[in-house]
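Structural features, examined
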Amino acid sequence: MRLKISLSKEPKHQELVSCVGWTTAEELYSCSDDHQIVKWNLLTGETSQIVKLPDDIYPIDLHWFPKSLGIKKQTQAEIFVLTSSDGKFHLISKLGRVEKSVEAHSGAVLAGRWNYEGTALVTVGEDGQIKIWSKTGMLRSTLAHQGTPVYSVAWGPDSEKVLYTAGKQLIIKPLQPNAKILQWKAHDGIILKVDWNSVNDLILSAGEDCKYKVWDSYGRPLYSSQPHEHPITSVAWAPDGELFAVGSFHTLRLCDKTGVRNVLNDAVDLLEFRDRVIKASLNYAHLVVSTSLQCYVFSTKNWNTPLIFDLKEGTVSLILQAERHFLLVDGGGIYLYSYEGRFLSSPKFPGMRTDILNAQTVSLSNDTIAIKDKADEKIIFLFEASTGKPMGDGKFLSHKNEVLEIALDQKGLTNDRKIAFIDKNRDLYITSVKRFGKEEQIIKLGTMVHTLAWSDTCNILCGLQDTRFTVWYYPNTVYVDRDILPKTLYERDASEFSKNPHIVSFVGNQVTIRRADGSLVHISISPYPAILHEYVSSSKWEDAVRLCRFVKEQTMWACLAAMAVANQDMTTAEIAYAAIGEIDKVQYINSIKNLPSKESKMAHILMFSGNIQEAEIVLLQAGLVYQAIQININLYNWERALELAVKYKTHVDTVLAYRQKFLETFGKQETNKRYLQYAEGLQIDWEKIKAKIEMEITKERERSSGSQPTKSTGLKH
């Protein structure tokens, strides 16, 4: 992306233009010391005077009412606030009518900004005061009083904090009384302009020291420019937080969020569009381009005949692609389209704000859309892609801490779909989108993770962990056999990427990382794990084993072991576990193979993966009540074992006998009231109990051989 600059042959204003504001991607309002407000149309090149202000009003700053709220309150959204040198601010309609003028400050009102909800307005002035007003222009409070003029102000993303300048200092002050104020020295000269982006939560500042800087919301420096020849007089974020503009004397610069200018790469095909290009995304063999009026979908096989459809709104802020479809986000909503241009769905939830959504807070797969909630940042909403309806029973994924970044895996079946996310503590978690009602299913994968990405070709996850670049070749291992998870990882030193690197993409076996200085670094990982994923998804177990024998790496064998258990191929699992020296697990797998029925084998495979409850359900559904009781006895889950025996009126004496034996081994007396109740007057007869157990096993074996014979070599796919 680059700046396209054009100059009118004749100036439309006769004096200095002091402020501008966009209404849409193609419409702009400008105010000047000549007291005129002019509307510009970039499509037609036409300009028109909206209003001529009184001669004593010299405009300084302009800000439109939040557009995302304009759907419900169209009349309110059609106004802007204009601050002026006479100490007033003015609420002016889109048609140029001055709705209200308010005496606000002693001296010029240097800046005015609506909050993101449109419920409040903040103004700052030469008198050093920061004032909060209602949307109708009634004074609510004086937030602070500085001894020097306040040149610029910005709301925090949650509209609960205000950032303003104080000489060489930047100050973040919460609206709540007595809340902690954050203040730091930001420049060596007076700070002239600030902006705070609601999507990436980053702060821009510009000063008379001729530098512009990027900060996080804790006041930590992320980037500082080289000194320019003249003071930096203006900075502004693009709404999506990916780019910002910097203005100085005879200078206009477009930067990405790391502070480095974007450079165009040489292109082989030249694609020309009727209107201005707003957003573009290239993935999954398709290029999706949004202009101010239309959306173009190109196939990489044919660049000549794109599919074109009209957009509801020309302010697309985000394009996300999956293999089967793509997602557009604009000020009005979220829209899912097929690559044939067919509209599929538009997910919604109460309080949804599309203006703050970005690639870290929205994720798309072939069957699922995930959106992080802004009102409660511990919540992730999950929707069916095809219908836009909430996933499952309408519940949402709730975490104990605020979530920073989310990502859905891209391959496999809907029932196996996983979502990975990073929380405020920088811990990385993974969970299934189909099991988000169970807290225990949210499992931690790593700590100090700053950025993550799924591969587009298979379910391999990568992330930057503190000083390490980590690849989870088979993240699902945490659900199968957490003990061998460390053996399925690839790690390398990440210090070469400097501070605050970000993963841009993970395509095939190549990961692209953007360093803090803006440069791109490409990392290639081993291609073999992706091939292993492909073999396993096609149930080519013999090919998978041959591949691991060829590669001779522990990570490959460990991945294969977990994949085989997840797919219940215990023959392959036995080979893989033997290759990584897990002899105890090989012995357990052998014992599973000798079990008499298919249901018993299934239950013990689930137990092997730690899914005790599911194992019990399988046995009870098959009528194997004794086996369900026995697995609880083996796990010393005495309460549940007795509960099942009483409920199904069988083997109560068996449970009591094993309990008594357990207590005698440790020299303890029975204290459990339920066990004391059922043991009263009951004589333990081990011969009788052993005969009952033998009869249960014989009955299971006979039933299994009579209905469906199973091979002792393990379960087949």
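Being a predicted model, the structure only gives us computed values, none of them experimental. (Residues numbered from 1 in each chain as written. Predicted model: local features only at pLDDT ≥ 70, side-chain atom pairs only at ≥ 80, totals over all residues. Heavy atoms only, no water.)

**Examining the overall build of the protein chain**
For the protein chain, the helix and strand inventory stands at 14 helices and 46 strands. For the protein chain, the spread of C-alpha atoms along the principal axes amounts to about 110 × 60 × 45 Å. The burial tally for the protein chain puts 51% of its 717 residues in the buried class. Surface accessibility of the protein chain: about 34700 Å² in total, with carbon and sulfur atoms responsible for 51%. Side-chain charges in the protein chain split into 84 positive and 84 negative, and the spacing between the mean points of these groups amounts to 3 Å. (Helix = DSSP H or I, 4+ residues; strand = E, 2+ residues; numbered from the N terminus. Buried < 20%, exposed > 50% of the residue type's maximum accessible area, 1.4 Å probe, protein only. Areas by Shrake-Rupley, 256 points an atom, 1.4 Å probe, with all protein chains shown as cover. Lys, Arg positive; Asp, Glu negative; His and termini not counted. Charge placed at Lys NZ, Arg CZ, Asp CG, Glu CD.)

**Some points on the layout of surface pockets**
Its boundaries defined by the atoms lining it, the second largest pocket holds a volume of some 1200 Å³. Every residue lining the second largest pocket is counted, 36 residues in all, and those nearest its centre are Asp416, Tyr474, Asn476, Ala566 and Asn567. Here the element with the most residues in the lining of the second largest pocket is helix α3 (residues 528-537); it accounts for six residues. (1 Å grid on protein atoms, 1.4 Å probe; cavity = no way out; pocket = protein on both sides within 12 Å on 5 of 7 lines; lining within 4 Å. Points joined across faces, edges and corners; volume = space filled by probe spheres on them.)

**Section: the nonpolar core**
The biggest cluster of nonpolar side chains holds 48 residues, and the ones touching the most others in it are Phe469, Leu532, Leu560 and Tyr577. Of all the elements, helix α5 (residues 554-566) adds the most residues to this core, at 10 residues. Setting aside residues up to four positions removed in sequence, Phe469 forms contacts with Cys462, Gly463, Leu464, Tyr490, Glu491, Arg492, Ala494, Phe497, Val511, Ile513, Ile523 and Ile525. (Core = buried A, V, L, I, M, F, W, Y, C linked by side-chain atoms within 4.5 Å. Contact = heavy atoms within 4.5 Å.)

**Some points on the packing of helix α6 (residues 570-579) against helix α7 (residues 583-593)**
Packing of α6 against α7 leaves a shortest axis separation of 9 Å and a crossing angle of 160°. It follows from the interaxial angle that α6 and α7 lie roughly antiparallel. Seen from above, α6 lies across α7 with left-handed handedness. Here α6 contributes Met570, Thr571, Ala573, Glu574, Tyr577 and Ala578 to the contact with α7, which in turn contributes Lys585, Val586, Ile589, Asn590, Ile592 and Lys593. (Axes fitted to C-alpha atoms, helices over the stretch in contact; angles between N-to-C directions. Parallel < 35°, antiparallel > 145°, perpendicular 65-115°, else oblique. Left-handed = near helix turned anticlockwise from the far one by under 90°.)

**Focus: the sheet that holds strand β46 (residues 520-524)**
Strand order in the open sheet formed by three strands is β44-β45-β46, and the pairing between neighbours is antiparallel. If you trace the sheet from one side to the other, it starts and ends with β44 (502-507) and β46, each paired once. Between one strand axis and the next, the sheet turns through 20° on average, direction left out of account. As judged from the five bridges shared by β44 and strand β45 (residues 510-514), these two strands associate in the antiparallel manner. Looking at the pairing, Ile503 lines up with Ile513 of β45. (Pairing = 2+ DSSP bridges.)

**Structural notes on the side chain of Asp330**
Tracing the chain through its elements places Asp330 in the loop between β29 (325-329) and β30 (334-338). For Asp330, which is buried and forms no salt bridge, the nearest opposite charge comes from Lys312, at a distance of 7.8 Å. Polar contacts involving the side chain of Asp330 include one to the main-chain amide nitrogen of Gly332, which spans 2.7 Å. Within the structure, Asp330 has its side chain in polar contact with the backbone nitrogen of Gly333 (distance 3.0 Å). Residue contacts for Asp330: discarding those within four places in its chain leaves Glu313, Thr315, Val316, Ser317, Tyr335 and Thr354. (Salt bridge = Lys/Arg side-chain N within 4 Å of Asp/Glu carboxyl O. Polar contact = N/O pair within 3.5 Å; in protein donor to acceptor, adjacent residues only side chain to side chain.)

**As for helix α12 (residues 652-665)**
Across its 14 residues, α12 extends 20 Å between first and last C-alpha, which sits within 8% of the 20 Å expected from 1.5 Å per residue. Once α12 ends, the next one or two residues include Gly667, with phi positive near 65°. (Expected span 1.5 Å × (residues − 1).)

**A short note on the confidence of the model for the protein chain**
For the protein chain, per-residue confidence averages 86 on the pLDDT scale, and residues scoring 70 or more make up 93% of the total. Per-residue pLDDT stays below 50 along residues 261-267; that stretch engages in nine contacts with residues further than four places along the chain or on separate chains. Low pLDDT, under 50, characterises residues 436-440; the stretch is placed with six contacts to residues that sit more than four places away or in other chains. (pLDDT = per-residue confidence, 0-100.)

**What about the sheet that holds strand β13 (residues 153-155)?**
Spatial strand order, β13-β14-β15-β16: four strands in an open sheet with antiparallel pairing. Looking at which strands have only one partner, the edges of the open sheet turn out to be β13 and β16 (182-185). Neighbour-to-neighbour, the strand axes of the sheet open up by a mean angle of 15°, direction not taken into account. Here β13 runs beside strand β14 (residues 161-166); their pairing, made up of three bridges, is antiparallel.

**Things to note about the pairing of β46**
With burial as the criterion, only one face of β46 is covered, namely that bearing Val521 and Ile523; the residues Leu520, His522 and Ser524 on the opposite face remain uncovered. In this sheet, β46 lies alongside β45 in antiparallel orientation, the contact comprising five bridges. By the bridge assignment for β46, Val511 is matched with Ile523. The loop that links β45 with its antiparallel partner β46 comprises five residues; one of these, Gly518, has a positive phi angle of about 95°.

**Regarding unusual backbone geometry**
If you check the backbone angles, Tyr636 has positive phi at about 60° while not being a glycine. Along the polypeptide, Tyr636 turns up in the loop between α10 (625-634) and α11 (638-647). The phi angle at His651 is positive, at roughly 60°, despite the residue not being glycine.

**Section: empty space enclosed by the protein**
In total, this model carries three cavities of 30 Å³ or more according to the counting rule given. Looking at the largest cavity, the residues that line it are Leu311, Lys312, Glu313, Val316, Leu328, Val329, Asp330, Tyr335 and Tyr337. Of all the elements in the fold, those that place two or more residues in the lining of the largest cavity are β29 and β30. Considered class by class, the residues forming the lining of the largest cavity number six nonpolar, no polar and three charged. (Nonpolar A, V, L, I, M, F, W, Y, C, P; charged D, E, K, R; others polar.)

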